Amino acid sequence: MIIKNVTVIDGTGETPRSGMDVLIDAGRFADIRPTGTGTSSGTSSSAASGGWDDEPVLDGRGGYLLPGLWEAHTHLTEMGMPVAEIPAYMRKTLAEYLQAGITSVCDLGGLYLLPRSERETGRANGTAPAVFCARAGFTGVNGWPANSRDSHDSHDSRGGRPEFVKVAGLENGGLFQIDDADTARRHVQELLGQVDYVKCMFDGATGGAGRRLPRAALEAIIEATHDAGKKVLVHIATGADLREAVQAGADCIEHSPIPRDPADLGEAEQLAGILAEAGTHYCPTIVTWEQLGRGGDPAYLDELITDGILQPDGVAEITARPGYGKPFPHHPADKMKIRFDYAMRSLHLFHEAGVKLVAGSDIAPVLPTPAHGLLRELQLFAKAGLPSTEIIATATSRAAEKIGKRGSMGTITVGADADAILLDADPLTDIAHLTGLRHHRAVISAGHLVRH
Ligand SMILES: [Zn+2]
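Residues numbered from 1 in each chain as written. Predicted model: local features only at pLDDT ≥ 70, side-chain atom pairs only at ≥ 80, totals over all residues. Heavy atoms only, no water.

1. Describing the domain arrangement of the protein chain
Part 1: Taken domain by domain, the protein chain comprises domain 1 (2–66 + 411–451) and domain 2 (69–402).
Part 2: Of note, the centres of domain 1 and domain 2, computed from C-alpha atoms alone, are 31 Å apart.
Part 3: Taken together, the contact pairs 23 residues of domain 1 with 23 residues of domain 2.
Part 4: Taking both sides of the interface into account, the surface hidden between domain 1 and domain 2 amounts to around 1900 Å²; carbon and sulfur atoms contribute 65%.
Part 5: A per-residue breakdown of the area domain 1 buries against domain 2 is headed by G11, I431 and T435, which together make up 26% of the total.
Part 6: Here domain 1 is connected to domain 2 by two salt bridges.
Part 7: The partner of R123 in a salt bridge is D417, with the nearest N and O atoms 3.0 Å apart.
Part 8: Our count for the contact surface shared by domain 1 and domain 2 stands at seven residue pairs in polar contact (both at pLDDT 80 or more).
Part 9: When residues of the side of domain 1 that touches domain 2 are traced back to their parent elements, those giving at least two are helix 15 (432–435), strand 19 (440–445) and strand 20 (448–451).
Part 10: Looking at the side of domain 1 that touches domain 2 element by element, the count peaks at four residues for strand 19.
Part 11: Looking at side-chain class alone, the side of domain 1 that touches domain 2 contains twelve nonpolar, eight polar and three charged residues. (Domains from an automatic or database assignment. Contact = heavy atoms within 4.5 Å. Buried area = accessible area lost by both parts, 1.4 Å probe. Salt bridge = Lys/Arg side-chain N within 4 Å of Asp/Glu carboxyl O. Polar contact = N/O pair within 3.5 Å; in protein donor to acceptor, adjacent residues only side chain to side chain. Helix = DSSP H or I, 4+ residues; strand = E, 2+ residues; numbered from the N terminus. Nonpolar A, V, L, I, M, F, W, Y, C, P; charged D, E, K, R; others polar.)

Here it is, written out as structure tokens:
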């Protein structure tokens, strides 16, 4: 396929190039040239260009071609859903991602996944996004989220010992509750062959009898995972957790911290410096705090309608959800509102310090679909003052880099996987041209035209 006469925004922050033809072959970007120069009637020989002739053409005139978006932090399992309903739910969710231009999805831990063969086939034939997984996560004994689960998926029925729960018929994940480095090392070795990266919960805000993953165990997990050439993504709750996780060698910090003092942006400035100096990625998942803080507030739904995330006729479905307006375990709304406000006020400090920001949403209890979580996160980045070029990078090249796929995915460069969105207006002048689905003219996933 050739996308003709398009402006290429490659996702790395490079200057956009207008009047380009993009050749896609065997699921990859095969060539990118000024319009017309790649065909036999153009200035270069067709023999050298290879594949330009007789290709189906997608007219990109007036359009902007970006890498396909990444959701770099989600959980494809819906908590509390009957197990029998999960596969259909996941297929529907993956299809929704693709329709929203999201061609890569990182699952950061969940009990269930679709079988690997189904995921790989869906990716190869363009009917599902690329799915990356952590399967099981590591936490402390009775640590988050083991302390939040109901009997449906409880893992501490045998006195809080680490377990790897298996469910017939589905590949599955779970939670390792760890209290020493040797156990951590043993379990991570079992896991490494089955995962794209490793997820740790390093959560100092765990209440009650719950314990944080010991620092020595976190270090052991990071060492073993790095030896295997993979990344460790670390959930944190406080600024102290963040600092220690960076020191331990975390590759990405998941979630913006609960502020020590909401009035003091000095803590954020300090943490930004730590992240920037270490080159650690940072995925703040601000949209999750927004939903947990404002979830039952009708004014929030009005704002989502104004911002084009929610349609007026979608309100009834959201307010009828069983969890709507109810408190989320261990995350009271007043505290989440503070966490949200602090993240919004301090985000520009992370950008200005040169922190490698990544877009990910985590959960979507108050949004039409999980795909809308990512679109809303990008809107929040814009509201917090990030430039459009940076916002695009957080959801493309930077997200690929987070999980070690830099260069091979998340950019429009020769050799990278051919994942792209064709927009009808410039997202650099207004990010709404990216977050508003009516501006999506086409989605291309693994070289297949998904929507036109
Ligand atoms: Zn999460």
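2. Overview of the side chain of D21
Part 1: Within the fold, D21 resides in strand 2 (residues 17–25).
Part 2: Among the polar contacts listed, one links the side chain of D21 to the side chain of T35, at a separation of 3.0 Å.
Part 3: Excluding its chain neighbours within four sequence positions, the residues that come into contact with D21 are I2, I3, K4, N5, D31, I32, R33, P34, T35, G36 and W52.

3. Looking at the state of the cysteines
Part 1: Considering all chains together, one arrives at zero disulfides under this definition.
Part 2: Cysteine C252 is unpaired, with the sulfur of C283 as its nearest cysteine sulfur at 5.4 Å.
Part 3: For C252, a relative accessible area of 0% translates into the label buried. (Disulfide = S-S within 2.5 Å. Buried < 20%, exposed > 50% of the residue type's maximum accessible area, 1.4 Å probe, protein only.)

4. Remarks on the coordination of the zinc ion
Part 1: At this site the zinc ion is bound by H73 (NE2), H75 (NE2) and D362 (OD), with donor distances of 2.0 to 2.2 Å.
Part 2: Between the donor residues of the zinc ion, the gaps in sequence give the motif H-x1-H-x286-D. Separated by 289 residues along the polypeptide, H73 in strand 6 (residues 69–74) and D362 in the loop between strand 17 (356–357) and helix 12 (370–383) bring together distant segments of the chain. Residue H73 shares its accessibility class with D362, and that shared class is buried. (Donors = N, O, S within 2.8 Å, 3.2 Å for Na, K, Ca; no water.)

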